[in-house]
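Overview (structure and organization)
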Amino acid sequence: MRRRMRGVAVAAIALTSVMTMAACAKDSGGGNTTSGTGTGAACEFAEAPTAPATSNTSAANGDKVDASTLKVGLAYDIGGRGDASFNDSAAAGLDKALTDFGVKKENTRELSAAPNEDESAKQTRLRQLASEGFSPIIGVGFAYAESMKLVAAEFPNVKFGLVDSAVEGAANVTPLLFAEQEGSFLAGVIAAYQSKKCHVGFVGGVEIPLIQKFEAGYFQGAKAAAPKIQIEKKYITPAGDFTGFQDAPKGQEAAKGQIDKGADVIYQAAGASGKGIFSAAKQGGVLAIGVDSDQYNQATVADTKDVIVSSMLKRVDVAVYDFIKAVAKNDLSSLPKVFDLKVNGVGYSTSGGKIDAKLQGILEGYKAQIIEGKIKVADKP
């Protein structure tokens, strides 16, 4: 009888341990968290929507535009041209405008922000471009919002474009906004289907509402595809410290921490810090998902491109290109209020051949449901 009671006690202790471990796996709400109950095996997938017979996205407008007389200025965010991400996407839009609209290279100017610079530096940058006769001037990033509000009022005849933000009451500032959460939803679906352990990760550059849109969509997409998936998350720096967008070693450290916990697909929304995240993925033998640009084709991360399964495309290039075109045509009303999936403002890349026809069909099915409003993607975690 005593032996039997001892066996019952051991079983009870074991059950308590299992319940404790399960509780610890839940999201604790901190900067480095885990969500879901992944088992280390491939995911069990929810029923995927059927891909539409035809695309629901808008076709490119082939209007002939002459922008040869425009002087175009770009004020980049931290990292500037060459960050293999957000800024490079904006640069690609300018480059395409040079080719398609006749914008002259000598009539362009590109200036870049420094990490944690004073607000006056941004004002000086915008004011310099405006005083030298550049119009349009595009601020690449929400960090220019306050400075642009001031400088735009000083130069009412200059047309400004502002990526990721708006300036209330400024008639000469056009907001260029994106539905990052929609593209990130598809990145989450990709991660779930590419994971061998049903355990994935997200690394954000700075914990601010903009990057939380990427996080929110990614979590929702991954869980829509595989409800029991386990998801890690980590922000490199807190709000206010923008070095998180340009610190590859810290990006590598953040990704390695998630890989050590078992994540085998990492989605990064961390700007130039993404280079370190890709390095960690390669060293850890796992996959990664890029952001903003098609990072598989970016020269600055060519040594790690074999781990990049896809990139969430935030088409800043399309927004810059379309804004220059609208200014040249003197028709800003032609621009969408938000660059979303419906207008190809966000999306996913297939470079590298890791997205097969079956997965692409699944992605197109989810994409169609988002466009049709059957799936509402949250923009907050």
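Residues numbered from 1 in each chain as written. Predicted model: local features only at pLDDT ≥ 70, side-chain atom pairs only at ≥ 80, totals over all residues. Heavy atoms only, no water.

- Per an unreviewed UniProt entry, the protein chain is named Nucleoside-binding protein, and its organism is Lentzea waywayandensis.
- A UniProt comment under Subcellular location (unreviewed entry) is attached to the protein chain, and it reads "Cell membrane". (UniProt positions renumbered as here; feature names shortened; annotations may be inferred.)

Some thoughts on the packing of helix H5 (residues 180–194) against helix H10 (residues 357–371)
- With their axes 10 Å apart at the nearest point, H5 and H10 run at an angle of 150 degrees to one another. As summarised for this structure, H5 and H10 are arranged roughly antiparallel, according to the angle between their axes. H10 is crossed by H5, and the crossing has right-handed handedness. Together, Glu182, Phe185, Leu186, Val189, Ile190, Tyr193 and Gln194 of H5 and Leu359, Ile362, Leu363, Tyr366, Lys367 and Ile370 of H10 make up the contact between the two elements. (Axes fitted to C-alpha atoms, helices over the stretch in contact; angles between N-to-C directions. Helix = DSSP H or I, 4+ residues; strand = E, 2+ residues; numbered from the N terminus. Parallel < 35°, antiparallel > 145°, perpendicular 65-115°, else oblique. Left-handed = near helix turned anticlockwise from the far one by under 90°. Contact = heavy atoms within 4.5 Å.)

Description of the nonpolar core
- Phe202, Ile211, Phe214, Tyr218, Ile229 and Tyr267 are the most contacted members of the largest nonpolar core, which has 44 residues in total.
- Grouped together as the second largest cluster of nonpolar side chains are 30 residues, Val65, Val72, Phe101 and Ala319 included. (Core = buried A, V, L, I, M, F, W, Y, C linked by side-chain atoms within 4.5 Å. Buried < 20%, exposed > 50% of the residue type's maximum accessible area, 1.4 Å probe, protein only.)

Remarks on the packing of H5 against helix H6 (residues 209–225)
- The contact between H5 and H6 brings their axes to 6 Å, and the two run at 40 degrees. Considered as vectors, H5 and H6 are oriented oblique to each other. Handedness of the H5/H6 crossing: right-handed. Residues Glu180, Gln181, Ser184, Phe185, Ala187, Gly188, Val189, Ala191, Ala192 and Tyr193 of H5 form the contact with H6, whose participating residues are Leu210, Lys213, Phe214, Gly217, Tyr218, Gln220, Gly221, Ala222, Ala224 and Ala225.

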